[in-house]
Amino acid sequence: MILVTTASDYNHGLRFNPPLTFLLGEVISMKVLEGNEVVTTTSVEPAQHPAKQEFKPRLIFWEVTKGCNLRCIHCRATATELASPTDLPTARALEIIDQIAAFSNPILVLSGGEPLYRSDIFQLATYAKDKGLRVALATNGTLVTKEIARMISDSGIKRVSISLDGADAETHDSFRGIPGAFEAALHGFRNLKDVGMSVQINMTIARHNADQLPRVLDLAKNVGADALHTFLLVPVGCGVDIAEDQMVPPEEYERMLNWFYDRSLEGGIELKATCAPHYFRVVRQRRAEDRRAAEAAAKVAAIEPATAAKTAPSSDGHPGHASAIGPNDMLMPGGTGISLRPQAPPAGQHTGHPSGHPNDMNAMTKGCLAGTGVCFLSHEGEVYPCGYLPAIAGDLRKERFADIWNNAKVFNDLRDTDNLKGKCGCCEFRNVCMGCRARAYAATGDYLDPEPFCVYEPKSPHLKAKVAEREKN
């Protein structure tokens, strides 16, 4: 299965490019109610932290090297021509895999830089697989020869994301900084597909390519990608320098998210909007609108509303299961079981967003999962909530992974929505959205501040008063 990612390049869309949204574990079952997550996995649960077992890493993005052959203008890292000398040595990297596997059973996304620059990349992947972890690879695709594709498959990697930042060579290559990158990425895609690999396409959306999103979706379908994950540009790393010119205005983001929702109803490919937590609000608003429209149509047809509710298809496509999901109903029915070989749902059913019964490669639970279900490991062993939020949680050269995950201040801050400030704190959607904590940090230096690229204005007087009182004190 081949996934193509575009510009998000969280190391090529896996960092949530997190692109690996694609590998959200098949054994995970989760329900979210009013922002409180209950996660069940098959991994061994450590007894020493019973109060915090509900928060388990489901997706870990690991920047195994900073070395890269491209010069992407949005990259969070400052790529170097060769693998940097401060990359973790093999022995330490294997030890970190041991710690992760002993603590939980997440999807481990190996990214970079360009992860194929690391000479022991297949050793790391095989070791992680043998430890029971699901492994994904986030690459720009340009180095994936037929031989490399076979090695990727043989190492036990379950999915690969390839970043495409435009529907044509001119757009993609200008964003990636190297002529020929577009054709080389597609060549790598085909090589992976030839060996039966699951592949997704990641796209980082910025002002220069936002109008190409429909064409990229068509391209992803035409080449046989298993999924398309879109990433909204986050102004960190190199992205800080281009933020003013390349950030899409909030109003345009809103239009794009509604377009994405409409496309998700068509089926045919997995769709996921990443680094766009307000998509969860959009989904709930649109579903509520659809429900009201269906009820109105039922009345016009002289059908009793109760009868219509029993016969009308619900959001998951099954008769009689309809439920009103509005701003004040934060229940997210359905699990997040993962299937490494997802089947496209019939047209008209939701894919790639809340309550749509997502699969392992496209699991979605709530908006921002930084520090609650996701974390990022740097090439030097530092741990962060995500690759775009430079608020360090710990250092694996000095601390154990379990201790960092359970005790880091930044993680605990992000696990309580009552800590959110401003309009995010008083928003009725806060428990399923959270706002992008990385964008908040980039804007003000405080990761608990409001998401700056959301146009929604909260409507709950009670929550507004609660937040105002808290912030006053």
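Residues numbered from 1 in each chain as written. Predicted model: local features only at pLDDT ≥ 70, side-chain atom pairs only at ≥ 80, totals over all residues. Heavy atoms only, no water.

Chemist: Is there a simple way to explain the overall build of the protein in this structure?
Modeler: Scanning the protein from N- to C-terminus turns up 15 helices and 13 strands. The buried share of the protein, reckoned over its 473 residues, is 60%. Put simply, the protein shows about 17,600 Å² of open surface, and 54% of that area lies on carbon and sulfur atoms. (Helix = DSSP H or I, 4+ residues; strand = E, 2+ residues; numbered from the N terminus. Buried < 20%, exposed > 50% of the residue type's maximum accessible area, 1.4 Å probe, protein only. Areas by Shrake-Rupley, 256 points an atom, 1.4 Å probe, with all protein chains shown as cover.)

Chemist: Looking at this model, I keep getting lost on helix 8 (residues 250–264). Mind explaining?
Modeler: Count 3.6 residues to each turn of an α-helix, and residues three or four apart come out pointing the same way. Here helix 8 spans 21 Å end to end across 15 residues, near enough to the 21 Å set by a 1.5 Å rise per residue. For helix 8, the complete set of buried residues consists of Tyr253, Glu254, Met256, Leu257, Phe260, Tyr261, Arg263 and Ser264. On its buried side, helix 8 packs onto strand 8 (198–205), helix 6 (213–223), strand 9 (227–232), strand 10 (270–274) and helix 9 (279–300). (Expected span 1.5 Å × (residues − 1). Contact = heavy atoms within 4.5 Å.)

Chemist: Can you walk me through the packing of helix 6 against helix 8 in this structure?
Modeler: At a minimum axis separation of 12 Å, helix 6 and helix 8 run at an interaxial angle of 30 degrees. With respect to their mutual orientation, helix 6 and helix 8 come out roughly parallel. Handedness of the helix 6/helix 8 crossing: right-handed. Between helix 6 and helix 8, the residues in contact are Leu213, Pro214 and Leu217 and Met256, Trp259 and Arg263, respectively. By residue class, the composition of the contact of helix 6 with helix 8 is 5 nonpolar, no polar and 1 charged. (Axes fitted to C-alpha atoms, helices over the stretch in contact; angles between N-to-C directions. Parallel < 35°, antiparallel > 145°, perpendicular 65-115°, else oblique. Left-handed = near helix turned anticlockwise from the far one by under 90°. Nonpolar A, V, L, I, M, F, W, Y, C, P; charged D, E, K, R; others polar.)

Chemist: How should I be thinking about the confidence of the model for the protein in this particular structure?
Modeler: Fine structural detail should not be taken from predicted coordinates in areas where pLDDT scores are low. Scored by pLDDT, the protein has a mean of 76; 70% of the residues are at 70 or more. Residue range residues 238–242 is modelled with pLDDT below 50. Its contacts to residues more than four positions away, or to other chains, number 16 contacts. (pLDDT = per-residue confidence, 0-100.)

Chemist: So what exactly am I meant to see when it comes to the packing of helix 1 (residues 90–103) against helix 2 (residues 121–130) here?
Modeler: The description of two packed helices rests on the angle between their axes and on the distance between the axes. The contact between helix 1 and helix 2 brings their axes to 10 Å, and the two run at 25 degrees. For the element pair helix 1 / helix 2, the angle class is roughly parallel. In this structure, helix 1 crosses over helix 2, and the sense of that crossing is right-handed. Between helix 1 and helix 2, the residues in contact are Thr90, Ala93, Leu94, Ile97 and Asp98 and Gln123, Leu124, Tyr127 and Ala128, respectively. Residues that form the contact of helix 1 with helix 2 fall into these classes: 6 nonpolar, 2 polar and 1 charged.

Chemist: What should I look at first to understand the pairing of strand 8 in this one?
Modeler: Looking along a regular strand, one sees the side chains alternate between the two faces of the sheet. The buried fraction of strand 8 amounts to 8 of the 8 residues, a majority that puts the element mostly inside the structure. Alternating residues of strand 8 divide into Ser198, Gln200, Asn202 and Thr204 and Val199, Ile201, Met203 and Ile205, and every residue in both groups is buried. For strand 7 (residues 159–163) and strand 8, the ladder comprises 5 bridges, and the chain directions are parallel. In the strand pairing of strand 8, serine 163 is matched with asparagine 202. Of the pairings in the sheet, the one linking strand 8 to strand 9 comprises 6 bridges and is parallel in character. Pairing of isoleucine 201 across the sheet is with leucine 228, part of strand 9. Considered for its hand, the β-α-β crossover made up of strand 8, helix 6 and strand 9 is right-handed. (Pairing = 2+ DSSP bridges. Right-handed = clockwise from strand over helix to strand, strands pointing away.)

Chemist: For this particular structure, what's the right way to read the nonpolar core?
Modeler: Proteins that are soluble and globular tend to have nonpolar side chains buried together. Core analysis: the largest hydrophobic core is formed by 97 residues, its most contacted members being Trp62 and Leu377. Counting residues per element, this core draws most heavily on helix 1, which supplies 6 residues. Excluding residues within four positions of it along the chain, tryptophan 62 makes contact with Leu88, Ala93, Ile96, Ile97, Leu108, Val109, Leu110, Ser111, Leu377 and Ser378. Listed in part, the 10 residues of the second largest apolar core include Ile107, Val109, Leu369 and Val374. (Core = buried A, V, L, I, M, F, W, Y, C linked by side-chain atoms within 4.5 Å.)

Chemist: Which parts of the structure should I look at to understand the pattern of salt bridges?
Modeler: Two side chains carrying opposite charge are able to pair once their charged atoms lie near each other. Following the criterion strictly, the structure yields 20 salt bridges and no others. The salt bridge partner of lysine 129 is aspartate 130, with a shortest N-O separation of 3.1 Å. Given a relative accessible area of 35%, lysine 129 falls into the partly exposed group. For aspartate 130, a relative accessible area of 55% translates into the label exposed. As a salt-bridge pair, lysine 423 and glutamate 457 come within 3.7 Å of each other at their nearest N and O atoms. In this pair, lysine 423 sits in helix 13 (residues 422–425) while glutamate 457 sits in the loop between helix 14 (437–444) and helix 15 (461–472), placing the two residues 34 residues apart along the sequence. Under the relative-accessibility criterion, glutamate 457 is labelled partly exposed at 48%. (Salt bridge = Lys/Arg side-chain N within 4 Å of Asp/Glu carboxyl O.)

Chemist: Help me out: how do you make sense of the pairing of strand 4 (residues 59–63) in this one?
Modeler: Within strand 4, 5 of the 5 residues are buried, leaving the element largely enclosed by the surrounding structure. Side chains Leu59, Phe61 and Glu63 project from strand 4 onto one buried face, and the interleaved Ile60 and Trp62 project onto a second face that is buried too. With 5 bridges joining them, strand 4 and strand 5 (residues 107–111) adopt parallel strand pairing. For isoleucine 60, the partnering residue across the bridge sits in strand 5 and is leucine 108. In terms of strand pairing, strand 4 meets strand 11 (residues 374–377) through 4 bridges, oriented parallel. Pairing of isoleucine 60 across the sheet is with cysteine 375, part of strand 11.

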